[in-house]
Amino acid sequence: GGGGGVEAAAAGGCERVAIRIQTLAFPDLKKPPHLSINPMGTSPAYTDASRGVVMWESGAILSHLLETYDLDNVYHPPPGHALRPAHLQLQQYMIATV
């Protein structure tokens, strides 16, 4: 494993859930424990054992977290909302350029 973890919780209108953020050194990204989660050997990687979820694409992780935990649509407009296209455009721009 890599460095220490950080405990965090969602805030605002989101369902509160404890998460563990773990920072890995670059060499640890290429080791079997991480490669079993992210076969690309890159960061990020996301797992939720209680839901059987393993993801490693940042845009997919972001979408999953919003759809799963932002139940009141505080941080993203729901499908069918007039602002949804603008949200998706901005989300993809941020993923591609940041």
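In this report, the structure presented in the accompanying data block is examined.

About the cut-offs
- Residues numbered from 1 in each chain as written.
- Predicted model: local features only at pLDDT ≥ 70, side-chain atom pairs only at ≥ 80, totals over all residues.
- Heavy atoms only, no water.
- Salt bridge = Lys/Arg side-chain N within 4 Å of Asp/Glu carboxyl O.
- Buried < 20%, exposed > 50% of the residue type's maximum accessible area, 1.4 Å probe, protein only.
- Helix = DSSP H or I, 4+ residues; strand = E, 2+ residues; numbered from the N terminus.
- Polar contact = N/O pair within 3.5 Å; in protein donor to acceptor, adjacent residues only side chain to side chain.
- Contact = heavy atoms within 4.5 Å.

Focus: the pattern of salt bridges
Item 1. Per the counting criterion, the structure on display carries two salt bridges.
Item 2. Note that Arg51 and Asp48 form a salt bridge whose closest N and O atoms lie 3.4 Å from each other.
Item 3. In this structure Asp48 comes out as buried when scored by relative accessible area, which is 10%.

Notes on the side chain of Asn38
Item 1. Position of Asn38 among the secondary structure elements: in the loop between α2 (32–35) and β3 (46–48).
Item 2. At 2.9 Å, the side chain of Asn38 forms a polar contact with the backbone nitrogen of Met40.
Item 3. In terms of polar contacts, Asn38 uses its side chain to reach the backbone carbonyl oxygen of Thr42, at 2.7 Å.
Item 4. The residues contacting Asn38, other than those within four sequence positions of it, are Ser43, Pro44, Ala45 and Trp56.

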